[in-house]
Amino acid sequence: MSHSEGRVPGATAAGLMLIFDPKTMWPLMALRGVLAILFGIAALIWPGITVLVLALLFAAWVLLDGIFLLASAFRQGRAHANWRDCVPSLLAGLVGIAAAVVTVRWPGITILVLAILAAVLLNAAGITEIVLAVRLRKLIRGEVFMALAGLAGVIAGILILLWPLSGALVLTIVLGAYALVSGILLLTVAWRLRRVARSEEVTRSAGVGAGSATRW
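These numbers were taken from a predicted model, which means no experiment stands behind them.

Caption draft 1: Molecular detail of the overall build of the protein chain. Of regular secondary structure, the protein chain possesses 6 helices and 0 strands. Beginning at the N terminus, the succession of helices and strands in the protein chain can be written as α-α-α-α-α-α. Of all 216 residues assigned to the protein chain, the portion counted as buried reaches 43%. Expressed as a percentage of contacts within the protein chain between residues at least 6 apart in sequence, the contacts between residues at least 24 apart total 79%. For the protein chain, the exposed area adds up to about 10,900 Å²; of that, 72% sits on carbon and sulfur atoms.

The structure is reproduced here in structure tokens:
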């Protein structure tokens, strides 16, 4: 398997110090995608949602997404990656969990505060995904989908910041549309990573079989 399709220890041509294992990363990416799609569907089919219900749904989504991002950062750390490679996922995960805690602890949250929290989180997650896509461009194929997911987050965050008082309906539609698009893109990345992981397993099995035949 080429370095562009599997686990690459050491430095790449771009100086990236990262051990990236698609086998352990694709399930986390898939879970994030499924969670985003579920939130997006719930938001879009329930346009008349109240601020309180929207806040609770938002809190549940960003809490779980933050946990998955922290798990991703932890896995990169265990793989002895350069600490700078773990920082984007770590920060985005912490921001997501913090946003969830603030939302839940503030039952009378206003649409303005919720909009600001959502915008900050979307920008943090979007920048994280763009950075990760750039760093992994020489390791996997299909990183463009991750970059597009990040770009969608940044655009959605900017739109919310431009019109923070547009109302619960507009905020719900923007968040729902972003979550749906982002979820589909993240699932695409997860599917590609799963293919890489399976190809890696096949290659290893073939190597073991050839080695056994040689010994015999």
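Having seen it, we continue.
Caption draft 2: Highlighting the packing of aromatic side chains. If you walk through the whole model with that rule in mind, you get 3 aromatic pairs. An angle of 20° between the planes, with centres 4.4 Å apart, marks the rings of F39 and W61 as stacked. Taken together, the positions of F39 in helix α1 (residues 22–44) and W61 in helix α2 (residues 51–78) put the pair 22 residues apart, joining distant regions of the chain. Arranged with centres 6.4 Å apart and planes meeting at 80°, the rings of F58 and W61 form a pair that is edge-to-face. A residue pair is termed a helical-turn pair when its members lie 3 or 4 positions apart in one helix, as F58 and W61 do in helix α2 at 3 residues.

Caption draft 3: Local environment of the side chain of T172. Here T172 shows up in helix α6 (residues 168–215). Judged by relative accessible area, T172 falls into the buried class, the value being 0%. Contacts of T172, omitting those with residues within four sequence positions, involve A43, W46, I49 and L54.

Caption draft 4: Broad picture of the side chain of T128. Among the structural elements, T128 can be located in helix α4 (residues 111–135). Leaving out residues up to four positions away in the same chain, T128 has contacts with P88, S89 and A92.

Caption draft 5: Main features of the nonpolar core. Membership of the largest hydrophobic core comes to 30 residues, with the highest contact counts inside it found for F58, W61, I160, L171 and L175. Taken together, the elements giving at least two residues each to this core come down to α1, α2, α3 (83–105), α4, α5 (143–162) and α6. The biggest single contributor to this core is α4, with 8 residues. For I160, the contacting residues outside a window of four places in its chain are A115, A118, A119, L122, L171, V174 and L175. Core analysis: the second largest hydrophobic core is formed by 12 residues, M29, A30, A133 and L193 among them.

Caption draft 6: Highlighting empty space enclosed by the protein. Using the criterion set out here, one finds 2 cavities of 30 Å³ or more in the structure. In this structure, the largest cavity encloses a volume near 130 Å³. Residue lining of the largest cavity: 16 residues in total, with R32, W61, D65, A125 and Y178 positioned closest to the centre. Broken down by secondary-structure element, the contributors of at least two residues to the lining of the largest cavity are α1, α2, α3, α4 and α6. Broken down by element, the residue count for the lining of the largest cavity peaks at 5 residues, all from α2. Partitioned by chemical class, the residues of the lining of the largest cavity number 10 nonpolar, 3 polar and 3 charged. Empty space within the second largest cavity amounts to approximately 90 Å³. What lines the second largest cavity is simply M25, L28, M29, R32, F68, L69, S72, S89, T128, E129, L132 and M146. Considering each element in turn, the lining of the second largest cavity owes the most residues, 4 residues, to α1.

The rules behind each value
- Residues numbered from 1 in each chain as written.
- Predicted model: local features only at pLDDT ≥ 70, side-chain atom pairs only at ≥ 80, totals over all residues.
- Heavy atoms only, no water.
- Helix = DSSP H or I, 4+ residues; strand = E, 2+ residues; numbered from the N terminus.
- Buried < 20%, exposed > 50% of the residue type's maximum accessible area, 1.4 Å probe, protein only.
- Contact = heavy atoms within 4.5 Å.
- Areas by Shrake-Rupley, 256 points an atom, 1.4 Å probe, with all protein chains shown as cover.
- Phe/Tyr/Trp six-rings, centres within 6.5 Å; stacked < 30°, edge-to-face > 60°.
- Core = buried A, V, L, I, M, F, W, Y, C linked by side-chain atoms within 4.5 Å.
- 1 Å grid on protein atoms, 1.4 Å probe; cavity = no way out; pocket = protein on both sides within 12 Å on 5 of 7 lines; lining within 4 Å.
- Points joined across faces, edges and corners; volume = space filled by probe spheres on them.
- Nonpolar A, V, L, I, M, F, W, Y, C, P; charged D, E, K, R; others polar.

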